[in-house]
Amino acid sequence: MKRIMQRSYLIFFITLAFFAGVAFLAVKLVLGSADWVSKPYNGHMASSSGLSQAGSILDRNDNAFVESDKDGKRKYNGDYDTRCSYLHIVGDNSLNISTAVQSMYRTELTGYSLLFGLGMPKSLKTNSDIKLTVDIDATKAAYQALDGKKGACVVYNYKTGEILCSTSSLSYDPADPPEITKENEEEYSGVYLDNVVSSAYTPGSIFKTVTAACAIENIPDIYERTFDCSGAYEIEGDDITCEDAHGTVTFEEAYAYSCNVAFAKIAQELGTEKLTKTAEEMGFNKQFVMSNINVQKSSFDVKEANDNQLAWSGIGQHTDLANPLHMAMMCGAIANDGTPVVPYHVSNNTSIFAKLGLTKGGQTGEKMLSPDTAEKVKDLMRKAANYYYNVRGLNIAGLDFCAKTGTAEVDKEKQPNAWFIGFTESDEHPYAFAVVVEEGGYGISAATPVAVAAINELVN
Amino acid sequence: MNFQAFLDIAVVALRFLMPIYAVVIVYQCYASMRRHRRPEKPLVTLQVKGAKQKVPVLFWENSIGRSKGSDICVLDPSVSREHCVLLRRQEGWFVSDIGSKSGTFVNEKKARDRTRVLIDDEIRVGNTTFILKRGDEYKEGLRPSWFFSKASNKGSLQPYKLMILITLFHLFMAVEACFSNEVKDFMPLMIFVCLEVIIWAFFFVSSFVFNRINFEIEALMLFLSGIGVMLLVRQDVRSAFVQLIAMTVGIVFFCFLVKFIENPDRVNSWRLAIMIGAVVLLLINLVFGRVQNGAANWITIGSVSVQPSEFVKVAYIFVGAAALDKLQTKRNFIEFIIFSAICVGALAIMGDFGTALIFFATFLIIAFMRSGDFKTVILALVGAVFAGLIVLKFKPYVAERFSSWGHVWENAQTTAYQQARVLTYTASGGIPGVGVGNGYLKYVAASESDLVFGLVSEEMGVVIAFVIAAAIIALAFYSRAITTRSRSTFYSISACCAAGLMIFQSALNIFGATDILPLTGVTLPFVSAGGSSIIACFGLMAFIKAADERTYAAKRIRPKEEV
C-alpha cells in the first residue's frame, strides 16, 4: 500500500493543478469584471435602462452634459446643437459609440465594483459623477462652425494636457438616437465614430511640417537654399503640381506658401529612411492612449514607394494618414519645446488602470523633436500664420498663432479635405488644435473658422 | 431611516455574510476529515526468526518482496521481487502468494490460495522466516501524515451541529428566493422543507441504523447538492422536485454501495457481472439513444430520461480498482483495459466527448495507480491526442467549440453565447451576488447544468462559487490522505480515482464555462441539475466513504485518552 500512497501523489498534483486554474480564474475575474459587466446584453443593466442610476457627466465648469433625474430617466442637457456637439465625448444610452465616456466608464458611472456587484438595492447604489476637462460652449461653437459637414475639431491645453474642446461630425441627438436601418445606412455612415480619436485622414500640406522638421535636422544649409517653382515638377513621368507658380522661393517661403514643388524636391533629397525616422519620432505609426481610449494610429509608409510616391508622401499625399488628435498633439509638442503633454479628457479618472497609473493623462509624453528643431518649426509656423493673418485676417483677441493649413486631395470626384492645425503662443491660453473638414475644400476657408470659433469661445 | 432602507441593508448584510458562512461550513467539514481516531501504530509486527529485528505491519494489505517499493522489503536473493501479500480481513490475517518463484510457507506448509495466519505462526519467504506478533510489541514512534491533525487536538464540530449549520444555510437561500424580484411566493420554503427532511433522514439513518460516527463527507455533499436544489426553485420548480427525488435515490444508492463494497473479496466476485452490466447499458444507449445537444447519450423510459454514461462512471471505477493480491494479476488488468476501450469508444460514437474525456482521464489515473508506470500513461496520452485530432476533423460541432475558445467577445452572439453570458453575469454578481432567483443567467440554455458555476456566482456571489471548488479540492486531499488507512487497495485506488474524476469533471465544467478551457458540456458534481449526474456523484462518494477504515468500525464508547 506504500506504493499506492506514493502513486496517489498524482491526485495531489491534479488537485494542485485544479487549484492553480481556480486561482487563475480569480485573477482573470478581478482584472476583467469591469469590462465583462458592461455588455449590451447584460440584463442587470438593461432592467434599469442601463444608466438610470448612473452619475452625471460634468464639463470643466461643472455644467452637466447629462444627469439622471429622480425617476431614473437620463437627461441630456443643452439645446439640439449642444447635444449633437458632445455626443461623441459623452455617448448615448446605448454602447454604440464605444469610445464615449458613457461606454468606457460605464462601470464607474453605475457604481459597479466586483465587491458589490450589480445586485445592490437602489438605496445603496454607489454611483459616481465623472468630470471632464471639456468646455461645453466651445464644443458647441466648434460643432456649429462645422456646419453639418463631416469632420472633427479638437483643442487642448498643451501645457496641462486637458482637452478643452472635442467634437465630431456627423452627429445625432443623444436624447433621441435615430434608428439606423438599411434605408438610411448611407446617410448615417460613420456616425458612431468619434473622428477625433477613431479616424485618420489624408493630411495633405499639414504634413509639410514633418518634412520641414526632417529637413532642418538633416540638410544643414536648408535656410540658404532656394527652390524654383514653375507650377509643376516631373518625377518618373508624373507631375507634382502647385496651384500657381511660386517662382523662386526660400525654404521658409516654401512652407508659408505651401509650395508642393519645393517640398517634393526636399522629400526626394531626404529619402525614405530619414523621412520615415522623423515621421515616426513625431508620432506616425505609433499608438497613443487618451484617457484609456486607444487612438487611431496615423500612418506613414514609404517602404515600397518609388521616387514619385516618396515626393507625394513628403507633401502629405500617397498613403499618408493623420489622426486629428495626434496632429493636435504634434502641434502641442512643437509649442512645448519638442515634447508633448499627453492629452486627456476625464479629470477624476477612477478606473483601475488609471489608479495603477498606466494610462493617466497629463504627464509628459515621448519626445517628438529636439528643442532646437521645435523652435525652428515654430518659427516656420508663425510665419505661415502671419502670412494668412496678413492676407486673410486671422485674429482672435490678440493671440499669436502658429499654424499650417492643408488641403488634401482624396478623390478626383470629390472636394478635398480641409485641415487646419497649429497652436497659440500664450501663457494664459496655450492651446494646440487640429481641425479637419471632409470635402471642405480649402483649409483656409473651411477649417480655419472652426478653430477660430472654438478658441474664441475659450478665450472669452 | 425608513423601513425600505432598513430592509435593504439587512438583505445586503445577509448576502455579505453568506459567503463567510459557506467558508465556515466547508472548513468545518475539512477539519472534521482531518481528525483521526487511530493512533499511528502498527497493526501487527513481524519478528524475524533468529534475530531481534522487528518489522511493523502498518496497513491492512501489505506487499512482501525484494523490491524497494514493497511494504515489507526483504533483502534476500531467494525472495521474488513481488513475493506475497499479507492482508487483514474481518476474520483475521491471511497470506496470499502472488506468483513467487520459491513459494510462501505458513508453518512450513506451502500456501496456495489465501492462507490464514494466527499470532505466533511462522511465515517463510525464501530463506527468511517471520513470526507474526501483536502490534503493541513494536515500540518505536512512527511519522504521522501531515493531513491528519494530531490525536491530542481538540475535536472538531459534532456532526449534528454541522447539519444544523447546513440547514440554516439552505434556509437563508430559501428565504432569499421567497423575496426574489420577479416571483414572490413560499414555494422555496416548501422545497426547503422537503430537502431538509431528506438530508436529516439520511443523517439519522447513518447515525442510528449504521452507527457511523463520521458524517463529514456526507455533510459536504448534502451541502453542495442542497445549494443546487435551492438554485433550481426560481428557475424551474419541477426540476427542483426532480432533483430532490434524484438526491433521495442517490442517497439510497450511496448507502447501498457502501454496504455492498464492505467486503473487498465480495467485490471481486461481482466484478465481471458489473462489467457486463455496464457494457449492456452502454449498448442499450447506443441503440435507443436520443440525441440531445449534439450527443446521443440519453435514453427515455416512459417519462423518465436517464443518462446511462453517468452510472457507467461508477461501474468503471469499480472495475478499475482491486485488492492488492489481485492487482498484480495480468488477467485483471487486461479485462480493465478492454472495458476502458469499450466505454470510451461507445461514448465517442454517441458524440458525448465531454464524458469520453472524463473516462479517458480516469483511465489514465487508474492505470497509473495500478502500475505506477509513467511510460504507459504518456503513451496513452499521445494516442489520445491523435484520436482527438481525428475527432476534430470529423465532428465539426466539436471543432466549433474550439474555434470560439479564447475568442469569447468576438463570438458573444454566436458560438460563445453561453461563455460570454457566464462571464458577464459572474462579474455582475460581485461578492454578495444579486440574490437567489434574481439572476439573468437562468434564462440561458444549460445554465442549471453546464453553466452552473456562473449561476452560483451571479445569484450567490463569486466567493460561494469558489467555496464549492474548494470543497471539491478538500475531498480530493482527503481521498489521497486516507490511502494507507484503507482496508484494502481496492478502496484506496477507487477513492483516489473517484476524487480524480470529480476534480477533472469540475475543471471541465468550471473552466469550460469561463472560457479557460473549451466548453465541453459536463456537469459540476452535486451542484448541477441532472438526476443521473447527481446519483452517480453520490455513488462515487461511496468509494471515498468506504476508503476510510472508520466507516465500517462499530460505534463504541471511546476509551479514555491513551497516552
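What counts, and where the lines are drawn
Residues numbered from 1 in each chain as written. Chains lettered and ligands numbered in written order. Predicted model: local features only at pLDDT ≥ 70, side-chain atom pairs only at ≥ 80, totals over all residues. Heavy atoms only, no water. Helix = DSSP H or I, 4+ residues; strand = E, 2+ residues; numbered from the N terminus. Rg over C-alpha atoms; globule rule 2.2 N^0.38 Å. Buried < 20%, exposed > 50% of the residue type's maximum accessible area, 1.4 Å probe, protein only. Contact = heavy atoms within 4.5 Å. Areas by Shrake-Rupley, 256 points an atom, 1.4 Å probe, with all protein chains shown as cover. Lys, Arg positive; Asp, Glu negative; His and termini not counted. Charge placed at Lys NZ, Arg CZ, Asp CG, Glu CD. Core = buried A, V, L, I, M, F, W, Y, C linked by side-chain atoms within 4.5 Å. Pairing = 2+ DSSP bridges. Axes fitted to C-alpha atoms, helices over the stretch in contact; angles between N-to-C directions. Parallel < 35°, antiparallel > 145°, perpendicular 65-115°, else oblique. Left-handed = near helix turned anticlockwise from the far one by under 90°. Nonpolar A, V, L, I, M, F, W, Y, C, P; charged D, E, K, R; others polar. Domains from an automatic or database assignment. Buried area = accessible area lost by both parts, 1.4 Å probe. Salt bridge = Lys/Arg side-chain N within 4 Å of Asp/Glu carboxyl O. Polar contact = N/O pair within 3.5 Å; in protein donor to acceptor, adjacent residues only side chain to side chain. Expected span 1.5 Å × (residues − 1).

### Things to note about the overall build of chain B
Of the regular secondary structure elements, chain B holds 17 helices and 14 strands. Here the C-alpha atoms of chain B give a radius of gyration of 26 Å, agreeing with the 24 Å that 2.2 N^0.38 yields for 563 residues. With the C-alpha coordinates aligned to their principal axes, the bounding extent of chain B is approximately 85 × 60 × 40 Å. Classification of the 563 residues of chain B by burial places 58% in the buried group. Long-range contacts, defined as pairs at least 24 residues apart, comprise 67% of the intrachain contacts of chain B with a sequence gap of at least 6. Total accessible area computed for chain B in this model is approximately 23,500 Å², and 65% of it derives from carbon and sulfur atoms. The positive charge centre, built from 56 side chains, and the negative charge centre, built from 41, are 6 Å apart in chain B.

### Description of the nonpolar core
Grouped together as the largest cluster of nonpolar side chains are 172 residues, with contacts concentrated most on Phe-169, Ile-261 and Met-460 of chain B. Not counting chain neighbours up to four residues away, the residues in contact with Met-460 of chain B comprise Met-18, Phe-169, Met-173, Ile-227, Leu-231, Ile-431, Pro-432, Gly-433, Val-436 and Leu-455 of chain B. Judged by nonpolar contacts, the second largest core, of 91 residues, contains Ile-130, Ala-215, Leu-275 and Met-330 of chain A.

### Comments concerning the sheet that holds strand β14 (residues 417-425) of chain A
Residues and elements named next belong to chain A. Judged by pairing direction, the sheet is antiparallel, and its five strands sit side by side in the order β6-β5-β15-β14-β13 without closing on themselves. Here the strands that pair on one side only, and so sit at the sheet edges, are β6 (163-169) and β13 (400-408). Taking each pair of neighbouring strands and ignoring which way they run, the sheet shows an average axis angle of 5°. Sheet topology places β13 next to β14; nine bridges connect them, and they run antiparallel. Residue pairing across strands places Cys-402 opposite Phe-423, the latter belonging to β14. Its contacts with the sheet place helix α17 (residues 448-459) against β5 (151-157), β6, β13, β14 and β15 (431-437), and it is angled at close to 145° to β15.

### Structural notes on the sheet that holds strand β5 (residues 84-89) of chain B
An order of β4-β3-β5-β6-β9 (chain B) is seen for the five strands of this open sheet, with the pairing classed as mixed. Of all the strands in the sheet, the pair left with one neighbour each is β4 (72-73) and β9 (115-117) of chain B.

### A closer look at the packing of helix α1 (residues 3-34) of chain B against helix α4 (residues 216-233) of chain B
Residue and element names in this part refer to chain B. Remark: α1 packs on α4, axes separated minimally by 9 Å, with the N-to-C direction vectors making an angle of 155°. Looking at the two axes, α1 sits roughly antiparallel to α4. Relative to α4, the crossing made by α1 is left-handed. Residues Ala-22, Ile-25, Val-26, Cys-29, Ser-32 and Met-33 of α1 form the contact with α4, whose own contacting residues are Glu-216, Ala-219, Leu-220 and Phe-223. Here the contact of α1 with α4 is composed, by residue class, of eight nonpolar, one polar and one charged.

### So, the domain arrangement of chain A
Residues and elements named next belong to chain A. Segmentation of chain A into domains returns domain 1 (46-132) and domain 2 (138-459). With 26 residues of domain 1 in contact, the opposing surface of domain 2 contributes 32 residues. For the pair domain 1 and domain 2, the summed buried area comes to about 2,500 Å², and 56% of that belongs to carbon and sulfur atoms. Of all residues in domain 1, His-88, Thr-99 and Tyr-105 bury the most surface against domain 2, accounting for 24% of the area lost on that side. Between Asp-173 and Arg-83 there is a salt bridge, and its shortest N-O distance comes to 2.7 Å. Applying the counting rule to domain 1 against domain 2 returns nine residue pairs in polar contact (both at pLDDT 80 or more). Secondary-structure elements contributing two or more residues to the side of domain 1 that touches domain 2 are α4 (80-90), α5 (101-104) and β4 (130-131). Take the side of domain 1 that touches domain 2: its biggest share by element is 10 residues, from α4. A breakdown of the residues in the side of domain 1 that touches domain 2 according to their chemical character gives 12 nonpolar, six polar and eight charged.

### Observations regarding unusual backbone geometry
Along the chain, Ser-169 of chain A connects to Leu-170 of chain A via a cis peptide bond; the corresponding omega equals 5°. One can find Leu-170 of chain A in the loop between β6 and α8 (195-198). Here the phi dihedral of Asp-337 of chain A falls at roughly 60°; this positive angle occurs in a residue that is not glycine. For Phe-526 of chain B, which is not glycine, the phi torsion reads 70° and is therefore positive. With respect to the element layout, Phe-526 of chain B can be found in the loop between α16 (489-513) and α17 (531-547).

### A closer look at the interface of chain B and chain A
Between chain B and chain A, the residue contacts involve 71 residues of the former and 43 residues of the latter. Interface area, chain B with chain A, both sides summed: about 4,700 Å², of which 73% is carbon and sulfur. On the chain B side of the contact with chain A, Ala-427, Phe-466 and Arg-480 of chain B bury the most area, a combined 13% of that side's loss. Linking chain B to chain A there are one salt bridge. Note that Glu-82 of chain B is salt-bridged to Arg-3 of chain A, the shortest N-O span being 2.9 Å.

### So, helix α2 (residues 159-178) of chain B
Residue and element names in this part refer to chain B. Between its first and last C-alpha atoms α2 spans 29 Å; for 20 residues at 1.5 Å apiece the expected length is 28 Å, and the two agree. Buried within α2 we find Leu-162, Met-163, Leu-165, Ile-166, Thr-167, Phe-169, His-170, Met-173, Ala-174, Glu-176, Ala-177 and Cys-178. Among the structural elements, α1, α3 (187-209), α4, α14 (452-460) and α15 (462-481) are those in contact with the buried residues of α2.

### Some points on the environment of Arg-74 of chain A
Residue and element names in this part refer to chain A. Within the secondary structure, Arg-74 sits in strand β3 (residues 74-76). Owing to a relative accessible area of 11%, Arg-74 belongs among the buried residues under this scheme. In the structure, Arg-74 is positioned 123 residues away from Val-197 in sequence and 25 Å away in space, judged by C-alpha atoms.

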